[in-house]
Amino acid sequence: MEEIVLRMTREISMGLAKETHPRATIKCFTTYVQDLPSGRERGRYLALDLGGTNFRVLLVTLESESSVNIDGKTYSISKELMEGSGVKLFDFIAQCLSDFCKEHKLENANLPLGFTFSFPCKQQSIDNGTLVAWTKGFKADGVVNKNVVELLREAITRRGDLKVQIVAILNDTTGTLMSCAFHRQNCKIGMIVGTGSNACYVEKTSNVEMFPGYQNSSKPHMIINCEWGAFGDNGVLDFVRTRYDVEVDSHSINPKKQIFEKCISGMYMGELVRHILVELMDKDMIFKGVKSQTLQERGRFETRFITEIESDDPGKYRNAAMVMDNLGIRTSNEKDLMCLRYICETISTRSAKLAACGLVCLIRKMNVKDLSVGIDGSVYRFHPHYHRLLMQNMNLLLNGTVRYELVLSEDGSGRGAALIAAVCAKD
């Protein structure tokens, strides 16, 4: 773990420096967010959140530090939209935004809007973000290397029935950090462990060489979007990867990319378990004599099954038996179900260990002794032991030198987008 922290630190330093940035795997993108919320922001703001198969439109009313009203609607993005034309995707987003505003009688309110777009983006300013690469199963054409804010503005203009001002683009980690900082001024890191994994942190502006005015900025800090999912794309993680990782990677839609993320996140954990089970069944070492066609299919062992299996009380295997039944394997053999749980625990524990390495790397980089970490994402939110595993492994590495708190961010992507809109509107 110490070796991983060391290698990660090296990559982050490369990402921040102008000279080495092009070949760094952790890109450390500049977010242009230099102000954290004070807790005194007030007003009504719109937020859009696109980060996976669900897309959300939200109206966020900041009434007081303790009263934040969120009214939102979730829309589903079909496979056709994910893999079709970019124009259609953004037309769909604009249509949902328009429908939502009509329902809330906001078509002409011209409210500030924060756009959470949780894919690797290179920003030129707070409201200009160029998509570097699609992740999480998206591959809509005509979007990579384009400014996504402009694509959204164009889609809104094509409709002609809507007035909003898009003031900021951010990703879900930045939103998570902002959302947590509204209540906790010492929040310095935002992390996501869900379908994908990423983190952002507060860096000294003077270290951010990719920011045009880094040497003489009047503001001391800048949130950096690490995009740490790509850590290991250059082979530096191969010493901890297994043949199962290689197998899962080779069948993914982006082979040899996002290597760190593929060891950690919800999009891949279930698939890793499936590969191990299939191999053990082929060798007749588990569920002897039982065959399951379902389990042979990629993606059929979902990550939520890991959460269900590990939610069983110790020594009990009710959920485990139900999950396997669901996959065409009817068994009450406790030894087999115990092995199944052990495999799941191994994958979860490794995920938490790697995430802990990432957090410790950022804490040491900032050299802070007291901080909060805002965390969101389905794996952290729903896995029964993930929080404990993260703490355990962070404690192992930090050894009592830092006071920290891990906080589940309440709707970081939505509330955080609104808070950035509020902070920008203040300027």
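Rules behind the numbers
- Residues numbered from 1 in each chain as written.
- Predicted model: local features only at pLDDT ≥ 70, side-chain atom pairs only at ≥ 80, totals over all residues.
- Heavy atoms only, no water.
- Pairing = 2+ DSSP bridges.
- Helix = DSSP H or I, 4+ residues; strand = E, 2+ residues; numbered from the N terminus.
- Axes fitted to C-alpha atoms, helices over the stretch in contact; angles between N-to-C directions.
- Buried < 20%, exposed > 50% of the residue type's maximum accessible area, 1.4 Å probe, protein only.
- UniProt positions renumbered as here; feature names shortened; annotations may be inferred.
- Salt bridge = Lys/Arg side-chain N within 4 Å of Asp/Glu carboxyl O.

**Details of the sheet that holds strand 8 (residues 164-170)**
Strand order across the open sheet formed by five strands is 4-3-2-5-8, with mixed pairing between neighbours. The two strands at the open ends of the sheet, each matched to only one other strand, are strand 4 (68-76) and strand 8. Direction aside, neighbouring strands of the sheet carry axes that sit 20° apart on average. Bridge analysis of strand 3 (residues 54-62) against strand 4 gives nine bridges, and the strand direction is antiparallel.

**Topic: the environment of Lys291**
Position of Lys291 relative to the elements: it lies in the loop between helix 8 (266-282) and helix 9 (293-296). When the C-alpha positions of Lys291 and Pro212 are compared, they lie 60 Å apart, and in sequence the two are 79 residues distant.

**Description of the pairing of strand 5 (residues 111-117)**
Most of strand 5 is tucked away, with seven of its seven residues classed as buried. The alternating pattern of strand 5 places Leu111, Leu113, Phe115 and Phe117 and Pro112, Gly114 and Thr116 on opposite faces, both of which are buried. Pairing of strand 5 with strand 8 involves six bridges; the strand directions are parallel. Paired with Gly114 across the bridge in strand 8 is Ala168.

**Observations regarding the UniProt feature "domain: Hexokinase N-terminal" (unreviewed entry) in the protein**
Mapped onto this numbering, the UniProt entry annotates "domain: Hexokinase N-terminal" (unreviewed entry) at residues 2-182. Taken end to end, residues 2-182 is 33% helix and 28% strand, and its two terminal C-alpha atoms sit 32 Å from one another.

**Let's talk about the pattern of salt bridges**
Scanning the model with the defined rule gives 27 salt bridges in all. In this structure, the salt-bridge partner of Glu279 is Arg243, at a minimum N-O distance of 2.8 Å. Of the two residues, Glu279 sits in helix 8 while Arg243 sits in helix 6 (residues 243-250), which places them 36 residues apart along the sequence. Taking the relative accessible area as the measure of exposure, Arg243 reaches 53% and is therefore exposed.

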